[in-house]
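Below are the chains, spelled out letter by letter.
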Amino acid sequence: MLQYGMFEKDLLPAVLSVCLKMIKSGESAEKDNALEILSESISVLKPFTECEDDVKSFSKLYLHLNSESFSEENSKTSYSVLQNFLLETLQSDLESNHLNIQSALICLPHLRFLEKDRVCAVIQQLSLKIRNVLLCTNLTETEQSTKLFAVLYQAYFAYLVIISNGDRSENCFNTNFFMDLLKKFPDSVKILRMVDYYLNNLTKSPVIDDLPDVILNVIPNLASPFHLIRRFSLRILKTFVLQEPSQNGVPSVFDICLEAESIPLDVQSYREKLKWLRKLEYEFIKKNLPTSYEEHITKAAIYYIIGMLYVNFKLLWGNLQLKFCSHLQMVHHNYFGMYFALTSINLLKCVCNIIQEKYL
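Residues numbered from 1 in each chain as written. Predicted model: local features only at pLDDT ≥ 70, side-chain atom pairs only at ≥ 80, totals over all residues. Heavy atoms only, no water.

Under the annotation held in an unreviewed UniProt entry, the protein carries the name Small subunit processome component 20 and is attributed to Caerostris extrusa.

If you want it as structure tokens, here you go:
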């Protein structure tokens, strides 16, 4: 039914009117059903693809009431009822009601009449509550934390599209908010997406007191077998100004890795990818390593080479192993000592074994 071409114009107003009656009934089951119907309808008609341009390309569904069921005089009152219901849902118990909260966050940006300041304040309160739960407990990458990541990501997206071009408050979504989450959950795709969007939309580089620790937490992501984790991690690392003034204009290791990561891998384009990967040889990057972050960036190059070995494309592997060896010859003497060198060699062997078992 939702695929019907005129559903949004002909049927959605009637569906919304029925949902409002269910909400006004006061029964919990009816309210839950109404929320599920609305959120599912919106998800199908205006799918949230979670791509980088979702915020910029967002367009409202505009939930219109059926004029036959509601007069013009009380239409705003009816919208207010719907808004209040959604806000009450956001303020409900997080642990037992996270699915309804996520559904409410899907619906809110599409309301026709919206009290932006009030709605944004409630969303920020919810986001701070989730952040505190994530940081103040022993949660790791478990099922519970994954659910909270999804709700927090939906809350941040809802906040961005509701506030649109208005002034964004720094009371909640600020540098400390995102850095604290990134340090504890550096390999969560949802957290990486949020941090990436936040950092890449700042007008100037953020001031981060413990930047070296943040970088060290994120760098191991470059050895991930998952493209999105590598990509978002590189986009985050690229925003940090690490190079010295004399090195301005010279591509950093993060620039090189991101260029390589952005190139689709097929027979036609793999040579372009190899061209960028060749620039990760130690002899090439050592000339432009910033003194303060020499160890961090060298380690980043090694981790990214390891991550590329997970890619199912045999023509890359021989070249990557040569790049890896060029680093190990210097790593042993200068930076991480024999322990890291041996660990890296074992990791390389492990990755190669996985590749051989899976693909050869």
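Engineer: Help me out: how do you make sense of the overall build of the protein in this one?
Structural biologist: Helix and strand counts for the protein stand at 17 helices and zero strands. Residue burial in the protein is summarised as follows: out of 360 residues, 49% are buried. Restricting the contact set of the protein to residue pairs at least 6 apart, pairs at least 24 apart contribute 70%. Surface accessibility of the protein: about 18000 Å² in total, with carbon and sulfur atoms responsible for 50%. (Helix = DSSP H or I, 4+ residues; strand = E, 2+ residues; numbered from the N terminus. Buried < 20%, exposed > 50% of the residue type's maximum accessible area, 1.4 Å probe, protein only. Contact = heavy atoms within 4.5 Å. Areas by Shrake-Rupley, 256 points an atom, 1.4 Å probe, with all protein chains shown as cover.)

Engineer: Help me out: how do you make sense of the nonpolar core in this one?
Structural biologist: Burial of nonpolar side chains together is a common tendency in soluble globular proteins. Counting residues in hydrophobic clusters, the biggest one holds 105 residues, and the most contacted among them are Leu 90 and Phe 240. For this core, the element with the highest residue contribution is helix H7 (residues 143-163), accounting for 14 residues. When residues no more than four places from it in sequence are discounted, the contact partners of Phe 240 are Leu 199, Ile 208, Leu 211, Val 214 and Ile 215. (Core = buried A, V, L, I, M, F, W, Y, C linked by side-chain atoms within 4.5 Å.)

Engineer: Sorry if this is basic, but what is going on with the confidence of the model for the protein here?
Structural biologist: Caution applies to low-pLDDT regions: their predicted coordinates should not be interpreted in detail. This prediction gives the protein a mean pLDDT of 78; 75% of its residues lie at or above 70. Confidence over residues 67-73 falls short of pLDDT 50; this stretch has six contacts with residues more than four positions distant or in other chains. Considering only residues more than four positions removed or in separate chains, one finds that residues 332-342, a stretch of pLDDT under 50, has 20 contacts. (pLDDT = per-residue confidence, 0-100.)

Engineer: It is not clear to me how empty space enclosed by the protein should be interpreted in this structure. Could you clarify?
Structural biologist: Space left empty within the atom packing is revealed by a probe, the size of a water molecule, rolled over the atoms. With the rule as written, the count across this model stands at one cavity of 30 Å³ or more. Size it by volume and the largest cavity reaches roughly 100 Å³. Contributing to the lining of the largest cavity are 12 residues, with Pro 251, Ser 252, Val 253, Ile 285 and Asn 288 lying nearest its centre. Of all the elements in the fold, those that place two or more residues in the lining of the largest cavity are helix H12 (253-262) and helix H14 (282-285). (1 Å grid on protein atoms, 1.4 Å probe; cavity = no way out; pocket = protein on both sides within 12 Å on 5 of 7 lines; lining within 4 Å. Points joined across faces, edges and corners; volume = space filled by probe spheres on them.)

Engineer: Where do I start with the environment of Asn 176 in this structure?
Structural biologist: Tracing the backbone shows Asn 176 in helix H8 (residues 175-184). The exposure class of Asn 176 is exposed, given its relative accessible area of 55%. A C-alpha to C-alpha distance of 9.9 Å links Asn 176 and Pro 206, two positions 30 residues apart in sequence.

Engineer: I tried to follow the pattern of salt bridges on my own but got confused; where do I start?
Structural biologist: Close approach of charged atoms allows side chains with opposite charge to pair. Taken as a whole and assessed by the stated rule, the structure comprises eight salt bridges. Notably, a salt bridge pairs Arg 230 with Glu 261, separated by 3.0 Å at the nearest N-O pair. Here Glu 261 lies in helix H12 and Arg 230 lies in helix H11 (residues 227-239), a separation of 31 residues in the sequence. Among the residues examined, Glu 261 registers a relative accessible area of 4% and is labelled buried. A salt bridge links Lys 275 to Glu 272; its shortest N-O distance comes to 3.2 Å. Highlighted residues: Lys 275 and Glu 272, both in helix H13 (residues 270-278), separated by three residues, approximately one helical turn. With relative accessibility at 36%, the residue Glu 272 sits in the partly exposed group. Taken together, the shared-partner salt bridges in this structure form one network comprising Arg 131, Asp 180, Lys 183 and Asp 210. (Salt bridge = Lys/Arg side-chain N within 4 Å of Asp/Glu carboxyl O.)

Engineer: Before we go on, may I ask you to explain the packing of H8 against helix H9 (residues 189-200) in this structure?
Structural biologist: Axis angle and axis distance: for two packed helices, these are the angle between their axes and the distance between the axes, and together they describe the pair. With their axes 10 Å apart at the nearest point, H8 and H9 run at an angle of 150° to one another. As for how H8 packs across H9, the hand of that crossing is left-handed. The segment H8 lies against H9, with Thr 175, Phe 178, Met 179, Leu 181 and Leu 182 engaging Ile 191, Leu 192, Met 194, Val 195, Tyr 198 and Leu 199. Partitioning the contact of H8 with H9 into residue classes produces 10 nonpolar, one polar and no charged. (Axes fitted to C-alpha atoms, helices over the stretch in contact; angles between N-to-C directions. Left-handed = near helix turned anticlockwise from the far one by under 90°. Nonpolar A, V, L, I, M, F, W, Y, C, P; charged D, E, K, R; others polar.)

Engineer: How should H9 be read in this particular structure?
Structural biologist: Each α-helix winds once per 3.6 residues, and so residues spaced three or four apart point in a common direction. The terminal C-alpha atoms of H9 lie 16 Å apart, and with 12 residues this matches the ideal 16 Å at 1.5 Å per residue to within 8%. The buried count for H9 comes to nine of 12 residues, which makes it a mostly enclosed element. Along H9, the positions that sit buried rather than exposed are Ile 191, Leu 192, Arg 193, Met 194, Val 195, Asp 196, Tyr 197, Tyr 198 and Leu 199. Looking at the buried side of H9, the elements it contacts are helix H3 (54-57), H7, H8 and H11. (Expected span 1.5 Å × (residues − 1).)

Engineer: Explanation requested: the packing of aromatic side chains in the structure shown.
Structural biologist: The description of an aromatic ring pair uses the distance of the two centres, along with the angle that the planes make with each other. In total, this model carries eight aromatic pairs according to the counting rule given. With a centroid separation of 4.9 Å and 75° between ring planes, the pair formed by Phe 149 and Phe 185 is classed as edge-to-face. Of the two residues, Phe 149 is situated in helix H7 and Phe 185 in the loop between H8 and H9; the sequence distance between them amounts to 36 residues. Classification of Phe 185 as buried rests on a relative accessible area of 2%. Centre to centre, the rings of Tyr 156 and Phe 178 are 5.2 Å apart; their planes meet at 65°, and the pair counts as edge-to-face. Here Phe 178 lies in helix H8 and Tyr 156 lies in helix H7, a separation of 22 residues in the sequence. You'll find Tyr 156 and Phe 178 in the same group, each marked buried. Connected via pairs of aromatic rings, a cluster forms that spans Tyr 156, Tyr 159, Phe 173, Phe 177, Phe 178 and Tyr 198. Positioned over the ring face of Trp 276 is Lys 279, at 4.1 Å from the centre of the ring. (Phe/Tyr/Trp six-rings, centres within 6.5 Å; stacked < 30°, edge-to-face > 60°. Lys NZ or Arg CZ within 6 Å of the ring centre and 35° of its normal.)

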